[in-house]
Amino acid sequence: MTRASDTQGHTRSSMLSEEGLPGWLDPVARAAETVRPRQLSRFLPPEDGAGRQSAVLILFGGGEGQGEGGGESAAQDGRGGAVRGPELLLMERAGTLRSHAGQPAFPGGALDPEDGDPQGEGPLRAALREAEEETGLDPAGVQLFGVLPRLYIPVSGFVVTPVLAWWREPSPVGAVDPNETARVFTVPVADLTDPANRVTTVHPSGHRGPAFLVESTLVWGFTAGVIDRLLHFAGWERPWDREKQVPLDWRS
């Protein structure tokens, strides 16, 4: 279903639709309508408008016939593999990049002029464009259904709009440009909610944050923070040991 506006007070774009979403995504759609910026992060965009406008695509796929939170299935996912329940698309940034090198992340990047109004549909178009450029996915098979409040990444100065999407018609994905992307992979939501895969990262500066040990990598920082809050507000979070720590180094 489409709505004229959301609870954040912004006009809801015609590019967004909840029509046909699988039922297990309902809690995520509801969370997008009600969550407030401070509930997602303490790092919010500067009031003076500083920061580089950008967007990321939080793309959920799989899960046909699955209940909320995910489960096992032998169904095919359209890419020749077995569906592992609801999953999330991530990528690992190339180790040579100037910012956030080597980190797992959502597909995304800075807005280009052709994306349009940063306060309008620009972030939606940028999220799709960047995801296509980085992972090779076909945007025609992606259904945008929600937008989270803008957040801020102080270390790089990005003002990020997280765009929620359903991978209605999965397409092949992979690292398009090895200079930007080391690999592209999906993570089952069931693995993200598994307490055994959850840890707290500790930076030498003293900052602590949620993280996930999944798919042979450590998902941390901005990406892990958003996933952590989504799991919480969607009601998928399971109790986990927050004292289980993984130290980061100064290069992180």
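Refer to the structure above for everything that follows.
Only a predicted model underlies this, so the values are computations on that prediction, with no experimental measurement involved. (Residues numbered from 1 in each chain as written. Predicted model: local features only at pLDDT ≥ 70, side-chain atom pairs only at ≥ 80, totals over all residues. Heavy atoms only, no water.)

(A) Up close: the pairing of strand β7 (residues 158-167). Of all 10 residues in β7, 10 are buried; the element is thus mostly enclosed. Residues F158, V160, P162, L164 and W166 line one face of β7 and the alternating positions V159, T161, V163, A165 and W167 line the opposite face, and both faces are buried. Pairing of strand β1 (residues 52-61) with β7, which is carried by nine bridges, proceeds in the parallel orientation. Paired with R52 across the strands is F158, a residue of β7. In this structure, strand β5 (residues 142-147) lies alongside β7, joined through five bridges in antiparallel fashion. Bridging across to β7, V147 finds its partner in V163. Sheet topology places strand β6 (residues 151-153) next to β7; three bridges connect them, and they run antiparallel. Looking across to β7, one finds that I153 is bridged to F158. (Buried < 20%, exposed > 50% of the residue type's maximum accessible area, 1.4 Å probe, protein only. Helix = DSSP H or I, 4+ residues; strand = E, 2+ residues; numbered from the N terminus. Pairing = 2+ DSSP bridges.)

(B) Up close: the nonpolar core. Counting residues in each nonpolar core, the largest one holds 37 residues, and the members touching the most others are V28, I58, F60, L148 and L164. For this core, the element with the highest residue contribution is helix α5 (residues 221-233), accounting for five residues. Beyond its immediate chain neighbours, meaning those up to four positions away, F60 contacts W24, L25, V28, E87, L88, L164, A165, W166, W167, V189, L230 and W236. Grouped together as the second largest cluster of nonpolar side chains are 19 residues, L16, L57, L59 and V142 included. (Core = buried A, V, L, I, M, F, W, Y, C linked by side-chain atoms within 4.5 Å. Contact = heavy atoms within 4.5 Å.)

(C) Quick peek at the pattern of salt bridges. Inspection of the entire model under this criterion finds 13 salt bridges. Among the ionic pairs, R30 bridges to E33, the shortest N-O distance being 3.5 Å. Of this pair, R30 and E33 both sit in helix α1 (residues 26-34), separated by three residues, roughly a single helical turn. You can call R30 partly exposed: its relative accessible area is 33%. Taken together, the shared-partner salt bridges in this structure form one network comprising D112, D115, R129, E130 and E133. (Salt bridge = Lys/Arg side-chain N within 4 Å of Asp/Glu carboxyl O.)

(D) Here's a closer look at α5. With 13 residues, α5 should cover 18 Å at 1.5 Å per step; its first-to-last C-alpha distance of 19 Å lies within 8% of that length. Among the residues of α5, T223, A224, G225, V226, I227, D228, R229, L230 and L231 are the ones counted as buried. Within two residues after α5, G235 carries a phi angle of roughly 80 degrees, on the positive side. (Expected span 1.5 Å × (residues − 1).)

(E) Spotlight on the sheet that holds strand β9 (residues 198-202). Taken together, the four strands give an open sheet; going across it, the order is β11-β10-β9-β12, and neighbouring strands pair in mixed fashion. In the strand order of this sheet, the two ends are held by β11 (217-219) and β12 (245-247), each with one partner. Shown here is a sheet whose adjacent strand axes are inclined to one another by a mean of 40 degrees, direction ignored. Two strands pair when backbone bridges link them, and β9 and strand β10 (residues 208-214) are joined in this way by five bridges, in the antiparallel orientation. (Axes fitted to C-alpha atoms, helices over the stretch in contact; angles between N-to-C directions.)

(F) Quick peek at the environment of E134. With respect to the element layout, E134 can be found in helix α3 (residues 122-135). Setting aside anything within four residues of it in sequence, one finds E134 in contact with M91, P107, G108, G174, A175, V176, E180, T181 and V184.

(G) Structural view of the side chain of T223. One can find T223 in helix α5. Overall, the relative accessible area of 5% leaves T223 in the buried class. Beyond its immediate chain neighbours, meaning those up to four positions away, T223 contacts L90, P104, A105 and F106.

(H) The packing of aromatic side chains, seen in detail. Going through the model one piece at a time under the given rule, you end up with four aromatic pairs. On the numbers, 6.0 Å between centres and 80 degrees between planes, the contact of W24 with W166 is edge-to-face. Residue W24 is found in the segment before α1, and its partner W166 is found in strand β7; the two are separated by 142 residues along the sequence. Taken individually, W24 and W166 each receive the classification buried, so the pair is uniform in this respect. Here a set of aromatic residues connected by ring pairs shows up, and it is made of W24, F60, W166 and W236. The ring of F185 carries the charged tip of R183 above its face, separated from the ring centre by 4.2 Å. (Phe/Tyr/Trp six-rings, centres within 6.5 Å; stacked < 30°, edge-to-face > 60°. Lys NZ or Arg CZ within 6 Å of the ring centre and 35° of its normal.)

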